[in-house]
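# Reading the structure
What follows is each chain in one-letter form.
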Amino acid sequence: MHRRGFLAAGLATVLASPRALAQMKMDDMPGMGAHAGHDMAVPPQSAVVLPEGETLRDLPLLANEAATSGLFKAKLTAEPAKARFAEGLDTPILAYNGTSPGPLIEVVEGSRVEITFANRIPDEASTIHWHGMPVPADQDGNPMDPVATDTERTYSFELPEGSAGSYWYHPHPHGKTAEQVYRGLAGAFVVKPKVDPIPLEYGDTVLVFTDLRLAADGTMPDSTTVDLMNGRVGDHVLVNGQKNPALAVPVGAKRRFRLYNATNARFLRLSFDDAPMTIIGTDGGLLEAPVAADDILLSPAERLELIVSFDKPGPTTLYTLDYDRGWMGAGRPADAGLTLFTVNVSETPAEAIPPLPDRLRPIAQLGAPAVNRRFVFTETMAMNANGMEMGFLINGAAFDMGRIDVVSKAGEVELWEIANKADMDHPFHVHGTQFQVVEHERDGQVSKSAYLAWKDTVNVARGETVRLLLRQDRPGLRMYHCHILEHEQLGMMGIVDVQA
Ligand SMILES: [Cu+2]
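Values in this document were obtained by computation on a predicted structure and should not be read as measured data. Note that residues are indexed from 1 along each chain, following the sequence as it is written. pLDDT decides what is reported in this predicted model: residues at 70 or higher carry local features, side-chain atom pairs at 80 or more are listed and counted, and totals for whole chains, interfaces and linings draw on all residues regardless. Working from all heavy atoms in the structure, the side-chain values ignore hydrogens and water.

### Digging into the environment of E412
Secondary structure elements are defined from DSSP: runs of H or I of at least 4 residues count as helices, runs of E of at least 2 residues count as strands, and each element is numbered from the N terminus. Looking at the secondary structure, you find E412 in the loop between β24 (406-409) and β25 (413-420). Separated by 41 residues in the primary sequence, E412 and V371 have C-alpha atoms spaced 8.1 Å apart. The residues contacting E412, other than those within four sequence positions of it, are A370, V371, L470 and R471. By the convention used here, residues are in contact when the closest approach between their heavy atoms is within 4.5 Å.

### Observations concerning the sheet that holds β24
Either a parallel or an antiparallel arrangement is found when strands of a sheet pair, and the pairing is made through backbone hydrogen bonds. Should DSSP find at least two bridges between two strands, the strands are taken to pair. In space, the five strands of this open sheet follow the order β24-β32-β31-β26-β29, with mixed pairing throughout. Sheet topology places β24 and β29 (457-460) at the edges, where each strand pairs with a single neighbour. Between one strand axis and the next, the sheet turns through 25° on average, direction left out of account. In terms of strand pairing, strand β26 (residues 426-430) meets strand β31 (residues 476-482) through three bridges, oriented antiparallel. Within the sheet, the bridge partner assigned to H429 lies in β31 and is H481. Axis definition: a line fitted to C-alpha atoms, limited for helices to the stretch in contact. Angles are taken between N-to-C directions and run from 0 to 180 degrees.

### A look at the pattern of salt bridges
What counts as a salt bridge is simple: a side-chain nitrogen of Lys or Arg found within 4 Å of a carboxyl oxygen of Asp or Glu. For the structure shown, the criterion picks out 39 salt bridges. The salt bridge involving D204 is made with R258; its shortest N-O contact spans 2.8 Å. Residue D204 is found in the loop between β9 (187-192) and β10 (205-212), and its partner R258 is found in strand β14 (residues 253-261); the two are separated by 54 residues along the sequence. For the salt bridge of E417 with R374, the shortest nitrogen-to-oxygen distance reads 2.5 Å. Remark: R374 occurs in strand β22 (residues 371-384) and E417 occurs in strand β25; sequence separation between them is 43 residues. Remark: exposure states derive from per-residue accessible area (1.4 Å probe, protein chains only) relative to the maximum for the residue type, with buried under 20%, exposed over 50%, and partly exposed in between. Taking the relative accessible area as the measure of exposure, E417 reaches 17% and is therefore buried. Exposure remark for R374: the relative accessible area of 41% places this residue in the partly exposed category.

### Quick notes on the pairing of strand β19 (residues 303-310)
β19 sits mainly inside the fold: eight of its eight residues count as buried. Residue alternation in β19 divides its side chains into two sets, R303, E305, I307 and S309 and L304, L306, V308 and F310, and both sets are buried. Bridge count between β14 and β19: eight bridges; the pairing is antiparallel. Opposite R258, over in β19, you have E305 as the bridge partner. When strand β16 (residues 277-282) meets β19, the two strands line up antiparallel, connected through four bridges. Residue I279 lies in a different strand from β19, and its bridge partner there is L306.

### Observations regarding the coordination of the copper ion
Ideal donor angles around a metal are set by the shape: a four-donor tetrahedron calls for 109.5 degrees, a six-donor octahedron for 90 or 180 degrees. Each metal site is built from N, O and S donor atoms within 2.8 Å (3.2 Å for Na, K and Ca), and since water is not included, such sites may look incomplete. For the copper ion, the full set of protein donor atoms is H426 (ND1), C482 (SG) and H487 (ND1), and the range of their distances to it is 1.9 to 2.1 Å. Given the relative accessible area of 0%, H487 is considered buried.

### Considering the domain arrangement of the protein
Domain delimitation in this document rests on an assignment produced automatically or drawn from a domain database. Assigned domains within the protein: domain 1 (71-192), domain 2 (200-349) and domain 3 (363-499). A C-alpha centroid distance of 22 Å is found between domain 1 and domain 2. Contacts between domain 1 and domain 2 engage 24 residues on the former and 28 residues on the latter. Approximately 2100 Å² of surface area, both sides summed, lies buried where domain 1 meets domain 2, with 60% of it carried by carbon and sulfur atoms. Our count for the contact surface shared by domain 1 and domain 2 stands at two salt bridges. Note that D204 is salt-bridged to K192, the shortest N-O span being 2.7 Å. Any pair of N or O atoms that falls within 3.5 Å is considered a polar contact. Within protein, one atom must be able to donate a hydrogen and the other to accept it, and sequence-neighbouring residues count only if both atoms are side-chain atoms. Our enumeration of links across domain 1 and domain 2 arrives at 10 residue pairs in polar contact (both at pLDDT 80 or more). Broken down by secondary-structure element, the contributors of at least two residues to the side of domain 1 that touches domain 2 are β3 (89-96), β8 (165-170), α2 (177-182) and β9. With five residues, the single largest contributor to the side of domain 1 that touches domain 2 is β3. In terms of residue class, the side of domain 1 that touches domain 2 is built from 16 nonpolar, five polar and three charged. By buried area we mean the combined loss of accessible area, with a 1.4 Å probe, across both parts when two parts are placed together. Each residue is assigned to one of three groups, with Ala, Val, Leu, Ile, Met, Phe, Trp, Tyr, Cys and Pro labelled nonpolar, Asp, Glu, Lys and Arg labelled charged, and all others, Gly among them, labelled polar.

### A few points about the nonpolar core
Side-chain atoms within 4.5 Å are what join buried Ala, Val, Leu, Ile, Met, Phe, Trp, Tyr and Cys residues into a set we call a nonpolar core. Membership of the largest hydrophobic core comes to 34 residues, with the highest contact counts inside it found for W416, I418, F428, L468 and Y480. Residues from two domains meet in this core; each of domain 2 (200-349) and domain 3 (363-499) gives at least three. L247, A275, I279 and L298 belong to the second-largest nonpolar core, a separate cluster that totals 31 residues.

### Re the packing of aromatic side chains
The criterion for an aromatic pair is that two Phe, Tyr or Trp rings (for Trp, the six-membered ring) have centres within 6.5 Å, with stacked assigned to planes under 30 degrees apart, edge-to-face to planes over 60 apart and tilted to the rest. Across all of its chains, the model carries 19 aromatic pairs by this definition. A centroid spacing of 6.2 Å and a plane angle of 55° characterise the contact between W416 and F428, whose relative ring orientation is tilted. Placement of the pair is W416 in strand β25 and F428 in strand β26, with a sequence separation of 12 residues. The buried category is assigned to W416, whose relative accessible area is 1%. Each member of the aromatic cluster is reached from another via a ring pair, and the members are Y96, F117, W130, Y155, F157, Y169 and F189. Positioned over the ring face of Y182 is R232, at 3.7 Å from the centre of the ring. Two limits define a charge over a ring: the Lys NZ or Arg CZ must be within 6 Å of the ring centre, and within 35 degrees of the ring normal.

In structure tokens, the structure reads:
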């Protein structure tokens, strides 16, 4: 990598971490060079047509191999596989146990989990990160704990009482997370409560959104410089691996859906037409009380639990609305008007179903912080003899695996202020715990959170400051980062050392 001729002098921290740079040729930049506007600047639109309207398939369940109760024991193997998204085209993907999304893991709170991970990805290290889950630091699949190709390791942890929620799992190896996820490695991990306040009659359906880009020959193209800048956005948003699948319900039915944004970088502002939505849960489990919603924003890595009421016969769709998350360069993909999922409501009335309870569970406030910290997101761009280089920084620094950014104390409440001084939204995620968002501030206007909730990922819009309370209860090294995975890979990540 050439380091001569930078125009900006303030990039010393970026220079110290050459891995944190996106190297771009001038011609690739929109409006620069002779070929501005060619297909490097504008992500190619796929001509491949995917079938729609097929019956929504249940995600395969990861079988529990343990003979004792209170123990969940299984094996997850990451390896190359082939998927058939479109007729006659085989797409090479990466899969857990042969499927993408990976198998659904369902474990009851209070259980012990032992999952052996086999990495059969040729020539690449991987890990499994248990996104949002209360697991010890050395079991959390950090980039510092790689699982080399053709080796295995067992992750083990207890899921305490009260930890029921909608978590997920995905790789987190140094420098390869974004690619391994868009090639297919992600799955849902639902921790069930011992006693569920939501009526069983509502069902419990996991909907995992992923984002697929297919070339005409069925392969997944490599990421372009535009993908590195904005995060990779695909051509097809899939639900459980299917494009616009369909579900049939009787009129009057209520359904419980767990929505997962498992895309690398796509913001999903969603609504059902003609079917009222009620939010009952976030990343870390149920709210205190249901909250009606006209539309919802699910930024990369966020989850929501919804109850949807299907009161009118006929088809109703889950569709996307416009959301401007800041886009650099040409080729901003269409956000609005995508149909993700169709529910066909029949004329047959549903059996009498119990109402949704008014109270779901208590959530204790985290209380007054002992420590205040501030994290500032910036993007840097500089030209050198070789082209354009871009960095994504937290407090002026790009990620360095050998550096501790923050030292904190286990059990102590902290207030984290995340200020986004960049031109794009950046969804912020912390490992090892769930936090409570206190307020958002933009242009001097402060808006308090509408409801108390446990979250592990929150969108920080450009120009916005988000304040949240968090407490890490387990010691060890924890990552915090932007969950646009390309940004995480290009430097927008840090390490907090939680001391006992
Ligand atoms: Cu970001």
